[in-house]
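A closer look at the structure
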Amino acid sequence: MRAKKMRLVTVLAASLALALTGCGREGSPGGGDQQVKQDVAQNVQVQGSPTFDRMKQKGRVTIGVKEDQPGLGFRDPVTNEYSGFDIEIARHIAAQLGFDPNTQIDYKPIPSTAREQAISTGEVDYYVGTYTINAKRKEQVGFAGPYYMAGQDLLVRSDNTDITGKDSLKGKKVCSATGSTPIQKVKSEGLTEPQNIVEFQRYSECVQQLLDRQIDAVTTDDAILKGYAAQDPDKVKVVGKPFSEEPYGVGLSRDDNALRGKINDILEQAASGGEWKRIYDATLGKSGSTAEPPKVDRY
Ligand code: GLU
């Protein structure tokens, strides 16, 4: 009961924080969020893409996203609106594929562990949610991108002084999400003992455990952790020593090379045409950090 209440408070605080920092742009529905205005491309064709054919038939795009990662993929519990860097990338891709991001997108929150299945069964047309491109996942899904480069880091309570990096986790309780690359690294590198590894479906559950002093550190990508730190700056902090490379890709059906090529074109144009920067500045860049779009990898 108490944990539930706390979580609600956290979620409300998060939406307040976003409302305070996320001045809505003209022309975005609802306002109060961070949506970047998008021009919808006309007469788009993607020859030989079964996914695109399906989207055309529905007249809508179903996009898999995260819903509890402020700054990246976040659903406002009051307005139900999605915001964040990943959401804006997803919206930009939809618009460039010829779909109106304000009226023709259905967002589907999918946790880390369920992504490959959601993509390969066609439950989502594509997925944009802090999704690291790697060889193992490429056996099951395709990736356009990368469109962002993150790195694994640690979130600890503000009063903590003894967790200073990945090599100071022994004997500490460390939490991450099931099916993620960070939990994989904690296990494969033995960063802490097996009995000290705590897993949840969502990182927000780990953060709640950290606030409740049930665990000592949350580990995942720095971009995600910075979003949580921004919502509770007095209580938690990011250690700030990334120890992996996490190139974010757009997940899509493994064999749909036509759609992969098209989304890669869209991402390249967004990088060279200033759209990527506009999206970054309106979301992750609001905290003052800077970043460059990584080079697209057409494997
Ligand atoms: N980027 C990492 C991954 O794809 C961690 C973030 C996440 O779980 O979405 O596993």
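Not measured: the values here are computed from a predicted model.

1. Comments concerning the overall build of the protein chain
Along the protein chain, the regular secondary structure elements total 10 helices and 13 strands. When burial is assessed residue by residue, the protein chain has 52% of its 299 residues classed as buried. Summarising the internal contacts of the protein chain: among those between residues at least 6 apart in sequence, 73% fall at separations of at least 24. Here the protein chain has roughly 13,500 Å² of accessible surface; of this, 49% comes from carbon and sulfur atoms.

2. Topic: the nonpolar core
One finds Phe85, Leu97, Tyr126 and Tyr148 to be the most contacted residues of the largest nonpolar core, which totals 56 residues. Ranked by the residues each element gives to this core, the list is headed by helix 3 (residues 85–96), at 6 residues. Leu97 has contacts with Val44, Val46, Phe52, Met55, Tyr126, Leu259, Lys262 and Ile266, leaving out every residue within four places of it along the chain. The next biggest cluster of nonpolar side chains, apart from the first, holds 11 residues, and it includes Leu154, Ile163, Ile197 and Ala217.

3. A few points about helix 10 (residues 275–282)
For helix 10, the set of buried residues is Glu275, Trp276, Ile279, Tyr280 and Ala282. Where the residues of helix 10 are buried, they touch helix 3, strand 7 (141–150) and helix 9 (257–273).

4. So, the pattern of salt bridges
This structure, assessed with the given rule, holds 19 salt bridges. When the shortest N-O distance is used, the salt bridge between Lys108 and Glu123 registers 3.8 Å. You can see Lys108 sitting in strand 5 (residues 105–109) and its partner Glu123 sitting in the loop between helix 4 (115–120) and strand 6 (126–127), a full 15 residues away along the chain. Of the residues examined, Glu123 reaches a relative accessible area of 38% and is grouped as partly exposed. A salt bridge links Lys187 to Glu199; the shortest N-O distance between them is 2.7 Å. A residue pair is termed long-range when its members are at least 10 positions apart, and Lys187 in helix 6 (residues 181–188) and Glu199 in strand 10 (residues 197–200) qualify at 12 residues. Judged by relative accessible area, which is 42%, Lys187 ranks as partly exposed. Residues joined by salt bridges that share partners form a network here, namely Arg54, Lys58 and Asp125.

5. Focus on the packing of aromatic side chains
Evaluated as defined, the whole model comprises 11 aromatic pairs. With 6.0 Å between their ring centres and 35° between their planes, Phe85 and Tyr147 make a pair best called tilted. Taken as a pair, Phe85 in helix 3 and Tyr147 in strand 7 lie far apart in primary sequence, 62 residues in all. A single burial state applies to Phe85 and to Tyr147, both of which are buried. With 5.4 Å between their ring centres and 70° between their planes, Tyr127 and Tyr131 make a pair best called edge-to-face. Exposure remark for Tyr127: the relative accessible area of 0% places this residue in the buried category.

6. Some words on the site of the ligand
Within the structure, the ligand sits among 17 residues, and Ser112, Thr130, Thr132, Tyr203 and Asp221 are positioned closest to it. Thr132 places a side-chain nitrogen or oxygen 2.7 Å from a nitrogen atom of the ligand. Bound to the protein, the ligand loses 100% of the 280 Å² it would expose on its own. Among the residues making up the shell around the ligand, the classes are represented as 5 nonpolar, 7 polar and 5 charged.

7. Describing the environment of Tyr248
As for its position among the elements, Tyr248 is in strand 13 (residues 246–253). A relative accessible area of 0% places Tyr248 in the buried class. In contact with Tyr248, other than residues within four places in its own chain, are Asp86, Thr130, Tyr131, Thr132, Ile133, Pro146, Tyr147, Tyr148, Ala150, Asp221, Ala223 and Ile224. Side chain to side chain, Tyr248 and Asp221 meet in a polar contact 2.6 Å long.

8. Remarks on the state of the cysteines
For the structure on display, the rule yields 1 disulfide. Each disulfide pairs two cysteine sulfurs, and for Cys175 the partner residue is Cys206, the sulfurs being separated by 2.1 Å. Around the S-S axis, the bridge from Cys175 to Cys206 shows a dihedral of about -70° and counts as left-handed. Here Cys175, found in strand 9 (residues 174–177), pairs with Cys206, found in helix 7 (residues 203–211); they are 31 residues apart in sequence, far enough to count as distant. For Cys175, a relative accessible area of 0% puts it in the buried group.

9. So, the sheet that holds strand 10
Spatially, 5 strands are ordered 10-9-11-8-12 in an open sheet, and the strand pairing comes out mixed. The sheet is open, and its two borders are formed by strand 10 and strand 12 (236–238), each paired with just one other strand. Each neighbouring strand pair of the sheet contributes to a mean axis angle of 30°, computed without reference to strand direction. Across 2 bridges, the pairing between strand 9 and strand 11 (residues 217–221) is parallel. What sits directly across from Val174, in strand 11, is Ala217. Lying on the sheet, helix 8 (residues 222–231) is in contact with strand 8 (152–157), strand 11 and strand 12; it crosses strand 11 at an angle near 130°.

Each value, and the rule that gives it
Residues numbered from 1 in each chain as written. Predicted model: local features only at pLDDT ≥ 70, side-chain atom pairs only at ≥ 80, totals over all residues. Heavy atoms only, no water. Helix = DSSP H or I, 4+ residues; strand = E, 2+ residues; numbered from the N terminus. Buried < 20%, exposed > 50% of the residue type's maximum accessible area, 1.4 Å probe, protein only. Contact = heavy atoms within 4.5 Å. Areas by Shrake-Rupley, 256 points an atom, 1.4 Å probe, with all protein chains shown as cover. Core = buried A, V, L, I, M, F, W, Y, C linked by side-chain atoms within 4.5 Å. Salt bridge = Lys/Arg side-chain N within 4 Å of Asp/Glu carboxyl O. Phe/Tyr/Trp six-rings, centres within 6.5 Å; stacked < 30°, edge-to-face > 60°. Near = heavy atom within 4 Å. Polar contact = N/O pair within 3.5 Å; in protein donor to acceptor, adjacent residues only side chain to side chain. Nonpolar A, V, L, I, M, F, W, Y, C, P; charged D, E, K, R; others polar. Disulfide = S-S within 2.5 Å. Pairing = 2+ DSSP bridges. Axes fitted to C-alpha atoms, helices over the stretch in contact; angles between N-to-C directions.

Just distances and angles here, no functional claims.
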